[in-house]
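Fold and contact review
Residues per chain are reported as follows:
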There are 2 protein chains.
Amino acid sequence: MLTKKSKYGLKAVLVLAEEAGRGPVLVSDLADRHRIPKKFLEAILLELKRHGLLQSKKGKGGGYFLSRKPSEITVGQVIRVLDGPLALIPCVSQTAYMKCEECGDEKTCGIRLAMKEVRDATAKILDNTTLAGLNAKVHPPRKGRRRI
Amino acid sequence: MLTKKSKYGLKAVLVLAEEAGRGPVLVSDLADRHRIPKKFLEAILLELKRHGLLQSKKGKGGGYFLSRKPSEITVGQVIRVLDGPLALIPCVSQTAYMKCEECGDEKTCGIRLAMKEVRDATAKILDNTTLAGLNAKVHPPRKGRRRI
DNA sequence: ATTTAGTCTATAAATTCTATAGACTAAATA
DNA sequence: TATTTAGTCTATAGAATTTATAGACTAAAT
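Residues numbered from 1 in each chain as written. Chains lettered and ligands numbered in written order. Predicted model: local features only at pLDDT ≥ 70, side-chain atom pairs only at ≥ 80, totals over all residues. Heavy atoms only, no water.

Details of the overall build of chain A
Assigned secondary structure in chain A consists of six helices and two strands. Its helices and strands taken in sequence order, chain A reads α-α-α-β-β-α-α-α from the N to the C terminus. Considered along the principal axes of its C-alpha atoms, chain A spans approximately 55 × 40 × 25 Å. At a minimum sequence separation of 6, the contacts of chain A that also span at least 24 residues come to 57%. One finds the centroid of the 29 positive side-chain charges in chain A at a distance of 10 Å from the centroid of its 15 negative side-chain charges. (Helix = DSSP H or I, 4+ residues; strand = E, 2+ residues; numbered from the N terminus. Contact = heavy atoms within 4.5 Å. Lys, Arg positive; Asp, Glu negative; His and termini not counted. Charge placed at Lys NZ, Arg CZ, Asp CG, Glu CD.)

Listed below in structure tokens is the structure:
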């Protein structure tokens, strides 16, 4: 399961993507917008900042904003920071490999084999889904004709 | 993350698949084979039995065995019983749909969109991975030439 | 100086995961 | 039919993780 932490983080970051270029957004605004406990969200944004996905500005006129363009930040990156590896078992993680405690022999582990496939498919999707891309799919440009 | 429950359950069930047709296997044997706490494994197997994946026989010469052929039981079925839906958020589950508590509008939820893709990819893999198939991949027939 | 708003540490409440204990029931067989 | 074997069921406990909340502190703006 995706934790609330990741869910909240993603919601916030998607808003920051919408607002990109218009200056910092208040934690309070982000929290209100999606009814996220403010203090919890603060911790989440801080973690994203520490990992380089966000930047912030203190004091009046402060708030959070994306470190990179919305088209250069993926859902996979956000989830990895907040929930850890995408892989369902540590021994198939690309970014945080670990031997499973109880594992006898990785080469003959069927579970590992199946989970590897799942991890790869998941990573392929989430590492190619950018904030910009996602927002575009969900908030399509109004009526009007498509730009040429 | 896959819980130990699912991991243990899958390991047990893969052994039962190997032993299929040779009569019931003792819980103790399954537990020993993979160093699984016996009482915990009992609970797991019972749950799989309740969901119709396993059958059991009490008394001397008893034990557990698969309800169907190893080629007719999938990893997806086992995981759903033990860990619940494959979907990372309830609103994209096919087998156990639920509205997300904090969700405003599903149609404009980017997270849902991304998670739907992941669920579908995961289900496609796990619902097509049978116990027989997995065992075959991992314990390939010895030397000898391939049957014609 | 004052107000605004993010930073950091600590801790608490709730939930879920992992495991264990023990009494009970069904089946086999001697 | 008594005994042994092995699964069934209920209850509960310990550990870990998730989900927050409180409060003191720091940087920036005016």
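Digging into the protein's contact with DNA strand D
Surveying the vicinity of DNA strand D reveals 25 residues, the closest of which are Lys39 of chain A together with Leu46, Lys49, Ser56 and Tyr64 of chain B. Each atom of DNA strand D within 4 Å of the protein was classed as base or backbone; sugar and phosphate made up 72%. One nitrogen or oxygen atom from the side chain of Tyr8 of chain A is found 2.9 Å from a phosphate oxygen belonging to DNA strand D. Gly59 of chain B places a polar main-chain atom, nitrogen or oxygen, 3.3 Å from a sugar or linking oxygen of DNA strand D. For the surface near DNA strand D, the elements supplying multiple residues, two or more each, are helix H1 (4-18) and helix H3 (38-50) of chain A together with helix H3 (38-50), strand E1 (54-57) and strand E2 (63-66) of chain B. When the residues that make up the surface near DNA strand D are grouped by side-chain class, the tally is seven nonpolar, five polar and 13 charged. (Near = heavy atom within 4 Å. Polar contact = N/O pair within 3.5 Å; in protein donor to acceptor, adjacent residues only side chain to side chain. Nonpolar A, V, L, I, M, F, W, Y, C, P; charged D, E, K, R; others polar.)

Quick look at the pairing of E1 of chain B
Residue and element names in this part refer to chain B. The pairing of E1 with E2 spans four bridges and is classified as antiparallel. Looking at the pairing, Lys57 lines up with Gly63 of E2. Between E1 and E2, which pair antiparallel and follow one another directly, the connecting turn spans five residues, one of which, Gly59, has a positive phi of 70°. (Pairing = 2+ DSSP bridges.)

Observations concerning the interface of chain B and chain A
Counting residues at the interface gives 34 residues for chain B and 34 residues for chain A. Between chain B and chain A, the buried area comes to about 3,200 Å², and carbon and sulfur atoms account for 71% of it. For chain B, the biggest contributors to the area lost against chain A are Met1, Glu102 and Ile111 of chain B; these three give 19% of the whole. Inspection of the region where chain B meets chain A yields eight salt bridges. Between Glu117 of chain A and Lys137 of chain B there is a salt bridge, and its shortest N-O distance comes to 3.9 Å. Here chain B and chain A share eight residue pairs in polar contact (both at pLDDT 80 or more) between them. Taken together, the elements giving at least two residues each to the side of chain B that touches chain A come down to helix H1 (4-18), helix H4 (75-83), helix H5 (110-126) and helix H6 (131-138) of chain B. With 11 residues, the single largest contributor to the side of chain B that touches chain A is H5 of chain B. Looking at side-chain class alone, the side of chain B that touches chain A contains 23 nonpolar, four polar and seven charged residues. (Buried area = accessible area lost by both parts, 1.4 Å probe. Salt bridge = Lys/Arg side-chain N within 4 Å of Asp/Glu carboxyl O.)

A look at the relation of the copies chain B and chain A
Placing chain B over chain A gives an RMSD of 0.0 Å and needs a rotation angle of 180°, together with 0.0 Å of translation along the axis. Considering both components of the superposition, the chain copies are consistent with a two-fold axis. No C-alpha of chain B lies nearer the rotation axis than that of Ala121 of chain B, which sits 3.2 Å from it. With an isologous cut-off of 70% or more, the 100% of interface residues of chain B that recur at the interface of chain A puts this contact in the isologous class. (Least-squares fit on C-alpha atoms with pLDDT ≥ 70 in both.)

Overview of the packing of H3 of chain A against helix H4 (residues 75-83) of chain A
Geometry of a packed helix pair, given as the angle between the helix axes and the separation of the axes. Residue and element names in this part refer to chain A. Taken N-terminus to C-terminus, the directions of H3 and H4 make an angle of 115°; their axes are 10 Å apart at the nearest point. The pairing of H3 with H4 is recorded here as roughly perpendicular in orientation. Seen along the crossing, H3 lies across H4 with a hand that is right-handed. Within the contact between the two elements, H3 uses Ile44, Glu47 and Leu48 and H4 uses Val78, Val81 and Leu82. (Axes fitted to C-alpha atoms, helices over the stretch in contact; angles between N-to-C directions. Parallel < 35°, antiparallel > 145°, perpendicular 65-115°, else oblique. Left-handed = near helix turned anticlockwise from the far one by under 90°.)

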